[in-house]
Amino acid sequence: MASRPKISGIQKQVLALYRGFLRTARLKAPEERRRIESVVSAEFRDNARNVDRRNFVYIEYLLRRGKRQLEQLKNPDITGLATLEVKK
Amino acid sequence: MAAAALRPAILRRIRLSPSPSLPFAASAAAASHPHALVRWLARPMSSHDAHLTREEVVDRVLDVLKSHPKVDPSKVTPEAHFEKDLGLDSLDTVEVVMAIEEEFKLEIPDKEADKIDSLPLAIEYVANHPMAG
């Protein structure tokens, strides 16, 4: 990538989702917050590294899955992240 | 003493109109200080009495950047670009902007946050935000 490409729509959605997770993490207890942040950050970075950026179908799938998980995490009763760790 | 004696007499005669008290106080103040009303009207609509100085904003934004784990503190300047100068990727940038939000007790909407990709833009945003604290 010689010149920096403009941020695409799908990339914006990914970043907005990441932001959503970090915002939601703030609402949890400090200990929990740190754990959520590290798991979420690892998940996003892992996918950023390993998912082909042209594989829109898969990225869309990940986005949908992430949004669903975020909705669950927003529930104040939910503190765990087990669903996020199910992978591979 | 004389004033104390006069007080009930005066109070008995004064009739306050049921207008809101703030403009009344302001216009009363304006009588003695001609610029008071102007100043009162011109003050920013903020819950904070003293707005942040630009210097303070710059210092605190620099500190936030320096404390991000991926940033080399020696590279942080008020002109730095997150990606080109500090080597941050888009996910790091989200983290940094969120940390700035937290530092200044703001919530930056996604549309605005997406545009902030450098220290000058971050400083500009915070300095112009009336609620930054």
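Residues numbered from 1 in each chain as written. Chains lettered and ligands numbered in written order. Predicted model: local features only at pLDDT ≥ 70, side-chain atom pairs only at ≥ 80, totals over all residues. Heavy atoms only, no water.

1. Some details on the overall build of chain B
Here comes step 1: Counting its secondary structure elements, chain B contains seven helices and zero strands.
Here comes step 2: Reading chain B from its N end, one meets helices and strands in the order α-α-α-α-α-α-α.
Here comes step 3: Relative to its full complement of 133 residues, chain B shows a buried share of 34%.
Here comes step 4: Of the roughly 8900 Å² that chain B leaves accessible, carbon and sulfur atoms contribute 60%. (Helix = DSSP H or I, 4+ residues; strand = E, 2+ residues; numbered from the N terminus. Buried < 20%, exposed > 50% of the residue type's maximum accessible area, 1.4 Å probe, protein only. Areas by Shrake-Rupley, 256 points an atom, 1.4 Å probe, with all protein chains shown as cover.)

2. Observations concerning the UniProt feature "domain: Complex 1 LYR protein" (unreviewed entry) in chain A
Here comes step 1: Here, UniProt's "domain: Complex 1 LYR protein" (unreviewed entry) annotation points to residues 12-72 of chain A.
Here comes step 2: The span residues 12-72 of chain A carries 87% helix and 0% strand; its end-to-end C-alpha distance comes to 22 Å. (UniProt positions renumbered as here; feature names shortened; annotations may be inferred.)

3. Some details on the UniProt feature "domain: Carrier" (unreviewed entry) in chain B
Here comes step 1: According to UniProt, the positions carrying the feature "domain: Carrier" (unreviewed entry) are residues 55-130 of chain B.
Here comes step 2: Within the segment residues 55-130 of chain B, helix and strand shares are 53% and 0% respectively, and the terminal C-alpha atoms sit 16 Å apart.

4. A short note on the pattern of salt bridges
Here comes step 1: Scanning the model with the defined rule gives 19 salt bridges over all chains in all.
Here comes step 2: Between A:R23 and B:E101 there is a salt bridge; the shortest N-O distance is 2.8 Å. Linking A:R23 in helix α1 (residues 9-26) with B:E101 in helix α5 (residues 90-103), this pair reaches from one chain into another. For the pair A:R23 and B:E101, one class covers both residues: buried.
Here comes step 3: Among the salt bridges present, the one from A:D52 reaches A:R54, with a minimum N-O distance of 3.3 Å. (Salt bridge = Lys/Arg side-chain N within 4 Å of Asp/Glu carboxyl O.)

5. Overview of the interface of chain B and chain A
Here comes step 1: Counting residues at the interface gives 17 residues for chain B and 14 residues for chain A.
Here comes step 2: In total, chain B and chain A occlude about 1600 Å² of area from one another, counting both sides; carbon and sulfur atoms represent 49% of this.
Here comes step 3: It is B:L91, B:V94 and B:M98 in chain B that bury the most area against chain A; as a group they hold 36% of the surface buried on that side.
Here comes step 4: Inspection of the region where chain B meets chain A yields nine salt bridges.
Here comes step 5: A:R45 is paired through a salt bridge with B:D89; the nearest N and O atoms lie 3.0 Å apart.
Here comes step 6: Where chain B touches chain A, the interface holds 11 residue pairs in polar contact (both at pLDDT 80 or more).
Here comes step 7: Counting only elements with at least two residues in the side of chain B that touches chain A, the list comes to α5 and α6 (110-113) of chain B.
Here comes step 8: In terms of residue count, α5(B) provides more of the side of chain B that touches chain A than any other element does, eight residues in total.
Here comes step 9: Per-class residue counts for the side of chain B that touches chain A are five nonpolar, one polar and 11 charged. (Contact = heavy atoms within 4.5 Å. Buried area = accessible area lost by both parts, 1.4 Å probe. Polar contact = N/O pair within 3.5 Å; in protein donor to acceptor, adjacent residues only side chain to side chain. Nonpolar A, V, L, I, M, F, W, Y, C, P; charged D, E, K, R; others polar.)

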